[in-house]
Amino acid sequence: MSPETTAPRSLAEALRARDDVSLSALLRARPDLITPVPTDLTQLATRAGTRASVVRALERLDRFALQTAEALAVAADPATYDELLGLMAGDDGDPAVTAAFPGALATLREQALVWGPDERLRLVRTARELLAPSPQHPSPTGLGPTVAEATAGMSPGRIQEIVAESGLATTHDSVSAVASLTGLFTDRVRMSALLDEAPAESVDVLSRLVWGPPYGQVTADPARHLRWLTDHGLLLPTAPGTVVLPREVALHLRAGRAHRVAEPVAPPVEAAATHRPQVVDAAAAGQAYTALATVEELLKDWHEGGPAVLRAGGLSVRDLKRTAVALDVAEPMAAFWVELAYAAGLLASDGEADERYAATPAYDEWLELPAAERWAGLVSAWLAATRTAGLVGGRDAKDRPLSALGPGLDRSAAPEVRRRVLALLAGLPEGASPAPDSLLGRLRWERPLRGGQSATDDLRVRLARWTLSEAELLGVTGRGALSAAGRALLGLPSPSPQAGQREPAGPGDKLPAHRHHHPAPAAPHSPAEQAAAASRAARLLAPLLPEPLDHVLLQADLTAVAPGPLQRPLADTLGVLADVESKGGATVYRFTPGSVRRALDAGRSASDLHAFLAAHSRTPVPQPLAYLIDDVARRHGHLRIGAASAYVRCDDDALLSEILADKRSQGLRLRRLAPTVLAAQADPAALLEGLRSMGFAPAAESAEGDVVITRAHAHRTPPRTAPEPVPEGPPVPDATLIGAAIRAIRAGDMASTTPRKQTDPAADHPGGDLPRTGSAETLATMQAAVLTGESLWIGYVNAEGAASQRVIAPIRVEGGFVTAYDHTSDEVRTYPLHRVTGVAELADEEA
């Protein structure tokens, strides 16, 4: 039997010939095909040929597989294996292309973009429409239309003139004339002889058009060398004043190549520098500690309620600038830390009428975790987040500004790009940092640009650049190289103990086989796998993080030096008692009258502060600091502020007289009510602040006359969940889902394709119509099938009115119901007989 008679006539037939392993590979590569599960293989083929699905599949091809599809789009339909290979490898048969070609074609077949045997390869029609050349959409190959396509509107007389001018015999019809001209242009020997006769200027014109675009402009009276080309059909008119280089001519000039440069091998990721693994891990641990400190500082700054939420959502530019100043970072960096805390579920909007951002209850729980576990939570959220802080400050498609924490920042490709960048780093020698250009080149090869998009505008390139900088900020990398904790976070095995040793078949290796350009390690997908990977990363990082200290070093210049991270109670108390003067490896705190007064306002007494400093200082408490505390405490609360609107009372009437005489108190509008009481028209808070600015140390008083102890009010949002990532498409299905989908598809296909017996010729319906029989005949046929064990084809309408056809094996018929094994759903089910539209016996299989 010839290949033509056995070749599938459609994509559905080609899919029907596949085994379950091949169908599983298709559904895993294109998960949108089973969302929802198709009823049969015909519907699966139809869905695989839709424009949206084909575009998604083409965009996920690597460069060489896409080049192969582009070459098939300009080949004959159908094309043979050798014809397509010739378009890829050229007349000289590039050995690298020849070696990689079978893998690229297998990828296209696996993803149902190409079907048919090697003798009749066909590109899915939608893919051909997307990739084939046209005046409106030039082919990525730079090729133009064929001679037959370009001469479709040409007069028969003009075609015969071109044939005669080219030295060919004239014919009686245009079809044979075009075929004769095509035969000339595809004959390497005769075509070379024809070009040898061409003027040098004509050959120069062809060389400018050969790699595209193939269109050019000519005048009504072209020059002699242009007329020679048009007379011989080497340039054919497509519109007044426009000519095109026929595809066959271009392929001859290109030595048979569809692409100027075929790229069968993934470019390697090159190392820019190599460091000792210990240095990388130490640098990464330092960055991890800084990341934790920055997030804590951010949420401490928003402790009593953060910035207001804009009406359109997000932070205002002014609030982002203020946050950047508070964190001592640039605004883009502040946007990253804010978005990271939001992605980790540590901050959110409070949802109140005057909506503001604040820490969530999850933040308090996060603070109680060990430092390594807090880091693992942050980087896990970063890896999975689709919100992209790098977009802040830009504009969306409607030219609206993109703000931190605002809408429009989700980019579904972000998680996949982050993981891919880190996986490429994992393929480098241990401790090696990548050359950014080589890494970006590798990413472009794996997902080439389409639609005329420039490299600078490519979102994946920008995501990759942001990933490299953000991974360094978080301590996933150190000095540009992937750390041991970062490797564990990806679920990758521990690196070899020998520095510089490469794992086999890593992403940076130059492999000859096209299908093996991706790294082998499997990234964790399920939540359990991701949690296990994060836990392992935390265990690797924990020994490298500095241990929190329980002491500081007090100095005589009213400063305290913390030589490392402080234990939380010590850090919190010291943050109230002193102001942070400088940060870094050692934090410097400065004691001032204002900071000491702040501690006294919080309910601490002078003796408490002396005892605290003595207990936590490795050096003696300097005398200037002790004097400062005693002096502020002695004056603290000497004046009392209450609500009258406001009043000032003091046992020392001379002090009140001094206040009244001070010109700076005029704005407070004070007057004496009694020798020891002054009344003010300012509110208590303004009066308190005004007297403090004059150098006094008043204390607030309650209605009962007690000193009011002021503590920072921790504002928290109601319980909030972290924002859900916006998926790029349907998730990759697991093996269980794929297996169930294939069983359902095959069962539905059997129901729609199995031959049926026709008891009544008048009851013959077109394929796909439901069988129609009366209720008595339906019942009788069902009962007979129970006795014989035969399967039946039925039509069924469910409670929602949806009709379907099924193949069932009846087991029991009683009470108006039939219990049967349903081949379509692969389970035993019960159907009401009144919902069965009809029944037919299946035809006997031919021997």
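One can find the structure itself at the top, above this paragraph.
Residues numbered from 1 in each chain as written. Predicted model: local features only at pLDDT ≥ 70, side-chain atom pairs only at ≥ 80, totals over all residues. Heavy atoms only, no water.

A few points about the overall build of the chain
Quick reminder of the rule: Every helix listed is a DSSP run of H or I at least four residues long, and every strand listed is a run of E at least two residues long, numbered separately from the N terminus. Relative accessible area decides the class of each residue, using a 1.4 Å probe on protein chains only: under 20% of the type maximum gives buried, over 50% gives exposed, and in between gives partly exposed. Contact definition: two residues touch when any of their heavy atoms are within 4.5 Å. The method behind every accessible area is Shrake-Rupley, applied with a 1.4 Å probe, and residues are considered shielded solely by the protein chains displayed.
Regarding its fold elements, the chain presents 34 helices and 25 strands. The proportion of buried residues among the 847 residues of the chain is 46%. Within the chain, contacts between residues separated by at least 24 positions form 66% of all contacts whose residues are at least 6 apart in sequence. Working note: accessible area of the chain is about 40400 Å², and carbon and sulfur atoms make up 54% of it.

Side note on helix 30 (residues 623-635)
Here is the rule we go by: A helix is expected to span 1.5 Å multiplied by its residue count minus one. As used here, the arc belongs to the directions running from the helix axis to the C-beta atoms.
Its 13 residues give helix 30 an end-to-end C-alpha distance of 19 Å, which sits within 8% of 18 Å, the value for a rise of 1.5 Å per residue. For helix 30, the full list of buried residues reads Leu-625, Ala-626, Leu-628, Ile-629 and Val-632. Projected down its long axis, helix 30 carries its buried residues within an arc of 160°, all on one side. Seen from the buried face of helix 30, the exposed residues on the opposite side, beyond 90 degrees, are Gln-623, Tyr-627 and Arg-634. Tucked inside the fold, the buried residues of helix 30 contact strand 12 (553-555), helix 28 (593-601) and helix 29 (606-616). At the C-terminal side of helix 30, Gly-637 shows a positive phi close to 85°.

Some remarks on the sheet that holds strand 14 (residues 579-582)
Going by this rule: Strand pairing follows a simple DSSP-based rule, namely that at least 2 bridges must link the two strands. Note on geometry: axes are lines fitted to C-alpha atoms, helical ones only across the stretch in contact, with angles between N-to-C directions running from 0 to 180 degrees.
Strand order in the open sheet formed by 4 strands is 12-13-15-14, and the pairing between neighbours is antiparallel. Either end of the sheet is taken by a strand with one partner, and the two such strands are strand 12 and strand 14. Strand after strand, the sheet turns through a mean of 30° between neighbouring axes, direction not considered. Inspection of the sheet shows strand 14 paired to strand 15 (residues 587-590) by 3 bridges, in the antiparallel sense. Counted as the bridge partner of Asp-579 is Arg-590 from strand 15.

Details of empty space enclosed by the protein
Condition: Points on a 1 Å grid over protein atoms alone make up a cavity when a 1.4 Å probe fits among them but cannot get out, and a pocket when they form an open set with protein on both sides within 12 Å along at least five of seven lines; lining residues each have an atom within 4 Å of a point. Grid points are joined across faces, edges and corners, and a volume is the space filled by probe spheres set on the points. For this scheme, ten residues count as nonpolar: Ala, Val, Leu, Ile, Met, Phe, Trp, Tyr, Cys and Pro. Four count as charged, namely Asp, Glu, Lys and Arg, and the remainder, Gly too, count as polar.
Summed over all chains, the structure comprises 4 cavities of 30 Å³ or more. Size it by volume and the largest cavity reaches roughly 100 Å³. Residue lining of the largest cavity: Phe-336, Glu-339, Leu-340, Ala-343, Trp-382, Ala-385, Arg-387, Thr-388, Ala-389, Arg-418 and Glu-470, and that is the complete set. For the lining of the largest cavity, the element with the most residues is helix 19 (residues 331-343), which contributes 4 residues. Residues that form the lining of the largest cavity fall into these classes: 6 nonpolar, 1 polar and 4 charged.

Points about the nonpolar core
Note on soluble globular proteins: their nonpolar side chains tend to be buried together. Using the following cut-off: For the purposes of this section, nonpolar cores are sets of buried Ala, Val, Leu, Ile, Met, Phe, Trp, Tyr and Cys residues that join through side-chain atoms within 4.5 Å.
Of all hydrophobic cores here, the largest spans 89 residues; its most connected members are Phe-185 and Leu-234. If one sorts the elements of this core by residue count, helix 6 (residues 63-73) sits on top with 7 residues. The next biggest cluster of nonpolar side chains, apart from the first, holds 73 residues, and it includes Trp-337, Leu-347, Ala-376 and Leu-383.

As for the sheet that holds strand 5 (residues 242-244)
Within the open sheet, the 3 strands sit side by side as 3-5-4. Their pairing is antiparallel. Because the sheet does not close on itself, it has two edges, and the strands there are strand 3 (215-217) and strand 4 (236-239). On average, adjacent strands in this sheet sit at an angle of 40° to one another, irrespective of strand direction. Of the strand pairs in this sheet, strand 4 and strand 5 are connected by 3 bridges, and their pairing is antiparallel. If you follow Pro-237 over to strand 5, its bridge partner there is Val-243.

Describing the packing of helix 17 (residues 277-301) against helix 18 (residues 317-327)
Cut-off, in case you're wondering: For classification, angles of less than 35 degrees are called roughly parallel, those exceeding 145 degrees roughly antiparallel, those between 65 and 115 degrees roughly perpendicular, and all remaining angles oblique. Left-handed describes a crossing in which the near helix is turned anticlockwise from the far one by less than a right angle; the clockwise case is right-handed.
Following both chains from N to C, one finds helix 17 and helix 18 inclined at 125°, their axes separated by 10 Å at the closest point. Classed by the angle they form, the pair helix 17 and helix 18 counts as oblique. Note on packing geometry: the crossing formed by helix 17 with helix 18 is right-handed. Taken together, the residues of helix 18 that come into contact with helix 17 (itself represented by Thr-294, Glu-297, Leu-298 and Asp-301) are Arg-322, Thr-323, Ala-326 and Leu-327. Taken together, the residues of the contact of helix 17 with helix 18 break down into 3 nonpolar, 2 polar and 3 charged.

Regarding the side chain of Arg-447
By the secondary structure assignment, Arg-447 is in the loop between helix 23 (436-446) and helix 24 (459-474). On the accessibility criterion, Arg-447 (13% relative accessible area) is buried. Excluding anything up to four places from it in sequence, Arg-447 contacts Glu-59, Arg-60, Leu-61, Glu-416 and Arg-460.

All we've got here are geometric facts, nothing functional implied.
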